[in-house]
There are 2 protein chains.
Amino acid sequence: MRVLVTPEEPSSELADALVLAGADVVDPADDGASPVCAVVDLTNEVASVLRRARDLVAQGTPILAVVGAENLPLLETEDWWDDLAVSPINPVELRVRLRRLAAQMENEDLLSYDDLELDTATYQATLADEPVDLTYMEYELLRFFVEHRGRVWSREQLLSRVWGYEYFGGARTVDVHVRRLRAKLGEERSDWITTVRSVGYRFG
Amino acid sequence: MRVLVTPEEPSSELADALVLAGADVVDPADDGASPVCAVVDLTNEVASVLRRARDLVAQGTPILAVVGAENLPLLETEDWWDDLAVSPINPVELRVRLRRLAAQMENEDLLSYDDLELDTATYQATLADEPVDLTYMEYELLRFFVEHRGRVWSREQLLSRVWGYEYFGGARTVDVHVRRLRAKLGEERSDWITTVRSVGYRFG
DNA sequence: CGGGTGCTGTAACACGGTCTTCACATTGGG
DNA sequence: CCCAATGTGAAGACCGTGTTACAGCACCCG
């Protein structure tokens with residue numbers, strides 16, 4: 001989860017909490033790294049200076065204000081922030097709030113590989129921005145592959161992890177679904193799923 | 001600012017903070033006193049018991065969860081609350097959060113999507129300025145969809161969130177209500193509610 | 001009190017899509 | 001070259017959903 005922090009030298013306590021919360025701090029100068037949330041550290045600053053936080057990030061990016069208890073009243077009349085946390089902040093609380101704000105950005109549910117995108121919230125798939133019509137099982141299998149790319153999975157493993165642990169059926173079922181997936185991915189992308197003879201399949 | 005508190009005997013610390021924050025606690029039994037926010041005190045309770053908070057207030061009423069730091073992880077996987085506060089809670093922080101949630105409530109008096117408008121204050125719906133006659137359940141379901149458009153909801157999730165957490169009934173009930181909704185929305189708008197096979201329904 | 005009316009939940013059925021399986025063709029390795 | 005493993009196509013079983021009808025209720029009105 002990528003967040004932008006301002007001012008760039010936050011209190012060491014906030015920096016620690018961000019690490020514990022599992023957040024990656026991005027460089028404001030790096031245009032490519034779009035954050036899912038901005039964190040404004042008001043522990044040592046006055047609010048008026050930092051209203052400009054809105055200008056630092058793309059419109060729609062939620063803003064979390066971190067503030068000392070004594071400065072809370074200052075925020076009451078402001079409306080540029082989307083959530084607040086009182087320092088010293090609990091890392092778990094920070095993570096919960098960041099997650100929630102990121103979900104508001106609704107980018108967290110997006111899985112992607114090359115020009116494939118899977119939106120797990122809407123169950124929609126696109127290839128090069130063109131919608132692809134996948135059936136339920138096709139979608140579940142492809143999602144598993146994208147989430148676990150780079151290693152070989154046996155048919156039995158795929159059956160238990162995608163179809164369900166209690167599933168009892170022929171292993172060839174996997175083959176057929178792989179085939180249909182390759183067909184829907186198209187000619188040039190069909191090698192995304194590699195057959196490893198006598199072992200199983202690998203994605204990516 | 002009127003708030004509903006559950007359980008009815010909150011910790012004395014929360015009770016004090018509510019007074020200091022300037023909140024009036026309403027009686028759950030009093031139907032006339034509609035609160036602008038519900039406060040769920042999880043300091044001494046487990047979350048699972050109190051998901052029912054959603055059932056205590058009208059749909060759309062925001063819910064503030066008050067939780068001890070040690071129980072924070074419990075809330076991470078839940079989605080029935082709109083904001084949270086870690087106890088012991090600062091009265092000023094409580095006031096700021098309640099204000100924000102109450103404002104959110106007021107802004108939702110008018111919900112709209114395309115040429116559909118829902119007036120949650122009067123329970124009236126219009127399509128292209130033409131009034132539509134919706135039954136109670138139809139209205140509640142449509143309102144949930146409009147408020148949570150853009151993602152898929154399983155039948156079980158819809159039963160929990162629209163019918164109530166303690167509701168136990170067949171999942172097919174949702175199907176029938178979706179059908180009735182589609183019929184009243186009319187031919188050309190019936191695809192607002194998309195069926196996602198083996199998963200559920202998505203609005204918008 | 002009794003009948004009517006509208007809302008809600010559930011059961012039953014039909015239809016269409018999807019999954020699974022099978023038979024057969026093709027490939028690849030020893 | 002042979003055998004095992006995999007690709008391919010089609011057929012049938014199965015599952016999920018749309019649709020309709022109906023029963024139980026609550027409510028209203030005479």
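Residues numbered from 1 in each chain as written. Chains lettered and ligands numbered in written order. Predicted model: local features only at pLDDT ≥ 70, side-chain atom pairs only at ≥ 80, totals over all residues. Heavy atoms only, no water.

**Topic: the environment of Q157(A)**
Residues and elements named next belong to chain A.
Step number 1: Tracing the sequence through the fold places Q157 in helix α6 (residues 155-163).
Step number 2: According to the relative accessible area criterion, Q157 is partly exposed, its value standing at 30%.
Step number 3: Residues Q157 and P131, spaced 26 residues apart in sequence, show a C-alpha to C-alpha distance of 29 Å. (Helix = DSSP H or I, 4+ residues; strand = E, 2+ residues; numbered from the N terminus. Buried < 20%, exposed > 50% of the residue type's maximum accessible area, 1.4 Å probe, protein only.)

**Notes on helix α1 (residues 12-20) of chain A**
Residue and element names in this part refer to chain A.
Step number 1: For α1, the complete set of buried residues consists of L14, A17 and L18. For α1, the angular spread of buried residues about the axis comes to 100°, placing them on one side. Across from the buried face of α1, at angles greater than 90 degrees, the exposed residues are S12, V19 and L20.
Step number 2: One or two residues past the end of α1 sits G22, with phi positive at roughly 80°. (Arc of directions from axis to C-beta.)

**Structural notes on the protein's contact with DNA strand C**
Step number 1: Close to DNA strand C lie 24 residues, the nearest being T135(A), M137(A), R180(A), T135(B) and M137(B).
Step number 2: A breakdown of the atoms of DNA strand C within 4 Å of the protein gives sugar and phosphate a share of 68%.
Step number 3: H177(B) places a polar side-chain atom, nitrogen or oxygen, 2.9 Å from a phosphate oxygen of DNA strand C.
Step number 4: Among the secondary structure elements, those contributing two or more residues to the surface near DNA strand C are α5 (136-147) and α7 (172-185) of chain A together with α5 (136-147) and α7 (172-185) of chain B.
Step number 5: Residues that form the surface near DNA strand C fall into these classes: ten nonpolar, ten polar and four charged. (Near = heavy atom within 4 Å. Polar contact = N/O pair within 3.5 Å; in protein donor to acceptor, adjacent residues only side chain to side chain. Nonpolar A, V, L, I, M, F, W, Y, C, P; charged D, E, K, R; others polar.)

**Quick notes on the domain arrangement of chain A**
Step number 1: As assigned here, chain A comprises domain 1 (2-105) and domain 2 (110-203).
Step number 2: The gap between the C-alpha centroids of domain 1 of chain A and domain 2 of chain A is 38 Å. (Domains from an automatic or database assignment.)

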